[in-house]
Amino acid sequence: HRREGEAVYAGSLCHARATRLRVTGTGANTRLSELARLAEQAQTRPLRLARLGDRIAAIFVPALIACAIATYAWWRVHDPSRAFEIALAVLVVSCPCALSLAIPAALAVAQGALSRIGVLPLHGDAIDTLARADVVVFDKTGTLGDGRPAIDAVETFGGTTRERALQVSAALERHSLHPLARAFADVAAAPRAESVRETPGPDLEGTIDRRSFRLGRRDFVAPFAAGDGGGHAVLDGLWLGDGANVLARVALREGLREGAAAAVAALAEQGLHVQLCSGDGPAAVQGLAEATGIANARSRQSPAQKLELARGLQANGHVVAMVGDGLNDAPVLAGADVSFAMSDGAALAQRAADFVVTSPSLLRIPQAVALARRARAVVRQNLAWALAYNIVALPLAASGHVPPWMAALGMAGSSLLVTLNALRLAHARATVAAA
């Protein structure tokens with residue numbers, strides 16, 4: 001909420017009523033540009049996992065130099081002719097570069113592989129978090145659903161005609177940015193609505209021909225009415241009323257997004273618990289949950305309640321992945337451990353997410369999970385190899401069993417093996433994309 005004289009940021013959306021604004025900053029001076037700069041800085045910032053490899057190498061190098069000096073001193077006393085050769089072999093055979101390459105090489109290949117299947121990573125560290133996720137929470141409209149709601153049926157009460165109910169509803173919805181407003185875009189001859197105000201969710205209130213109308217939840221449009229005359233659940237569909245009487249009920253339908261049911265099934269096979277959390281009514285939410293095979297579904301959830309759900313799961317030790325697309329999803333996308341935003345969703349949701357799904361198919365999400373898990377396994381393999389190689393090679397070199405030329409081959413081979421192991425993720429990408 002903003003009062004007269006307070007600042008609003010470029011990119012903000014005016015929901016309640018028309019507002020006169022004075023521009024005080026443009027271009028690079030806007031808050032939106034600042035957010036873009038922060039996102040770019042986050043992408044260029046060294047990754048947490050990569051810094052771990054650098055810290056290991058930073059400890060390893062001084063220890064290696066100390067080992068080479070000690071080796072030279074020992075051989076200088078016992079066999080001076082071989083002291084320099086063996087100390088040189090100790091320095092050459094070791095491979096701190098393999099330790100430094102073990103993590104960033106795997107993450108870089110994984111990021112490229114994700115981009116090629118239609119999942120754009122915005123934060124590199126999110127790949128490791130995604131590999132550890134055990135709960136996935138989906139939004140409904142525009143995420144599991146195709147984002148193209150359509151009018152399914154219209155019931156009228158108290159003498160209201162179907163045409164009048166649709167026209168009034170369309171007049172109110174044209175002031176809304178909620179995805180459900182798209183269902184009324186083709187209604188003809190909609191009158192002009194004035195003083196339209198929107199509350200969080202689908203609830204709208206405005207004046208048409210000097211008469212006040214409300215559109216949204218049943219308890220919002222006519223909270224004191226005794227009944228609706230239709231025998232339906234009070235939260236089913238979009239309701240039209242005037243504050244005292246229910247005038248109509250508009251049932252909407254939304255198709256499934258491509259690959260929605262298959263994606264849910266694939267995530268379940270990967271051992272993740274899938275939930276649905278939506279601001280829509282119980283009937284629509286339950287219908288989509290049944291169509292996709294989701295057992296745990298919540299309806300009429302506000303943005304704060306969605307965030308509370310994620311934090312509750314985190315408090316119980318779960319690693320939560322959130323998938324959403326709308327403005328209302330931005331808080332929970334930012335609050336989840338790792339998050340996906342749909343490319344055709346709100347820009348604010350994409351800014352808050354760790355990944356943006358550029359493909360229309362939700363199958364890219366279980367594929368991203370599979371790639372993330374493989375990347376984590378490759379990182380562990382690279383670190384294990386780099387450490388094992390140095391543990392074995394250094395004593396052999398210090399004892400005089402490895403000449404400098406062989407030490408050089410071993411060092412180069414160790415770095416090459418780590419890199420080739422990371423490149424396996426690129427080939428794994430082809431397998432995942434074809435799945």
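Structure first, text after, so check above.
Residues numbered from 1 in each chain as written. Predicted model: local features only at pLDDT ≥ 70, side-chain atom pairs only at ≥ 80, totals over all residues. Heavy atoms only, no water.

A. Quick peek at the overall build of the protein. Each helix and strand in the protein was counted, giving 15 helices and 13 strands. Taking all 435 residues of the protein together, the buried fraction comes to 45%. Sequence separation of 24 or more characterises 64% of the internal contacts of the protein that already satisfy a separation of 6 or more. For the protein, the exposed area adds up to about 21400 Å²; of that, 57% sits on carbon and sulfur atoms. (Helix = DSSP H or I, 4+ residues; strand = E, 2+ residues; numbered from the N terminus. Buried < 20%, exposed > 50% of the residue type's maximum accessible area, 1.4 Å probe, protein only. Contact = heavy atoms within 4.5 Å. Areas by Shrake-Rupley, 256 points an atom, 1.4 Å probe, with all protein chains shown as cover.)

B. Structural context of the side chain of Ser-359. Inspection of the secondary structure assignment puts Ser-359 in the loop between strand E13 (355–357) and helix H14 (364–398). Here Arg-364 takes part through its side chain, which lies 3.5 Å from a polar atom of the side chain of Ser-359. In contact with Ser-359, not counting residues within four places along its chain, are Ile-117, Gly-118 and Arg-364. (Polar contact = N/O pair within 3.5 Å; in protein donor to acceptor, adjacent residues only side chain to side chain.)

C. Here's a closer look at the nonpolar core. Among the nonpolar cores identified, the biggest contains 66 residues, and Phe-138, Leu-144, Phe-340 and Phe-355 are the most heavily contacted of them. Looking at this core, the element that brings in the most residues is H14, giving 14 residues. Among the nonpolar cores identified, the runner-up in size contains 23 residues, and Ala-165, Leu-166, Ala-170 and Val-187 belong to it. (Core = buried A, V, L, I, M, F, W, Y, C linked by side-chain atoms within 4.5 Å.)

D. Spatial organisation of the sheet that holds strand E9 (residues 273–277). Strand order in the open sheet formed by seven strands is E1-E13-E12-E11-E2-E9-E10, and the pairing between neighbours is mixed. The sheet is open, and its two borders are formed by strand E1 (119–121) and strand E10 (296–298), each paired with just one other strand. Neighbour to neighbour, the strand axes of the sheet diverge by 20° on average, direction disregarded. Where E9 meets E10, three bridges bridge the pair, whose relative direction is parallel. If you follow Gln-275 over to E10, its bridge partner there is Asn-296. Contacting E1 and E13, helix H4 (residues 96–117) runs over the sheet at an angle of about 145° to E1. (Pairing = 2+ DSSP bridges. Axes fitted to C-alpha atoms, helices over the stretch in contact; angles between N-to-C directions.)

E. Structural context of helix H7 (residues 162–173). The end-to-end C-alpha distance of H7 is 16 Å, a good match for the 16 Å that 12 residues give at a rise of 1.5 Å each. Buried within H7 are the following residues: Ala-165, Leu-166, Val-168, Ser-169, Ala-170, Ala-171, Leu-172 and Glu-173. (Expected span 1.5 Å × (residues − 1).)

F. Layout of the pairing of strand E6 (residues 211–216). Relative to E6, strand E5 (residues 204–208) runs antiparallel, the two sharing five bridges. Across the sheet, Leu-204 pairs through a bridge with Leu-215, a residue of E6. As consecutive antiparallel partners, E5 and E6 are separated by two residues, and within that stretch Asp-209 has a phi angle of approximately 50°, a positive value.

G. Just the sheet that holds strand E7 (residues 238–241), in detail. Here six strands make up an open sheet; going across it, the order is E3-E8-E7-E6-E5-E4 and the pairing antiparallel. Here the strands that pair on one side only, and so sit at the sheet edges, are strand E3 (150–156) and strand E4 (194–198). Strand after strand, the sheet turns through a mean of 20° between neighbouring axes, direction not considered. The sheet contacts of H7 involve E3, E4, E5, E6, E7 and strand E8 (246–253), and relative to E5 the element is tilted by about 110°.

H. The packing of helix H9 (residues 260–269) against H14, seen in detail. Running from amino to carboxyl end, H9 crosses H14 at an angle of 25°, the nearest separation of the two axes being 8 Å. The angle between H9 and H14 places the two elements in the roughly parallel class. On H14, the residues touching Ala-263, Ala-266 and Leu-267 of H9 are Ile-365, Pro-366 and Val-369. For the contact of H9 with H14, a count of residues per class yields six nonpolar, no polar and no charged. (Parallel < 35°, antiparallel > 145°, perpendicular 65-115°, else oblique. Nonpolar A, V, L, I, M, F, W, Y, C, P; charged D, E, K, R; others polar.)

I. View of helix H10 (residues 282–292). Those residues of H10 that fall on the buried side of the exposure criterion are Val-285, Leu-288, Ala-289 and Thr-292. On an axial view of H10, the arc spanned by its buried residues comes to 105°, and they lie on one face. Buried residues in H10 make contact with helix H6 (140–144), H9, E9 and E10. Directly after H10, the chain includes Gly-293, whose backbone phi takes a positive value near 80°. (Arc of directions from axis to C-beta.)

J. Focus on the pattern of salt bridges. Enumeration over the complete set of coordinates arrives at 11 salt bridges. Here Asp-209 makes a salt bridge to Arg-164, at a shortest N to O gap of 3.8 Å. On the criterion of sequence distance, the pair formed by Asp-209 in the loop between E5 and E6 and Arg-164 in helix H7 is long-range, its members being 45 residues apart. In this structure, the salt-bridge partner of Glu-205 is Arg-214, at a minimum N-O distance of 3.6 Å. Here the residues in one salt-bridge network are Asp-128, Arg-132 and Arg-376, joined through shared partners. (Salt bridge = Lys/Arg side-chain N within 4 Å of Asp/Glu carboxyl O.)

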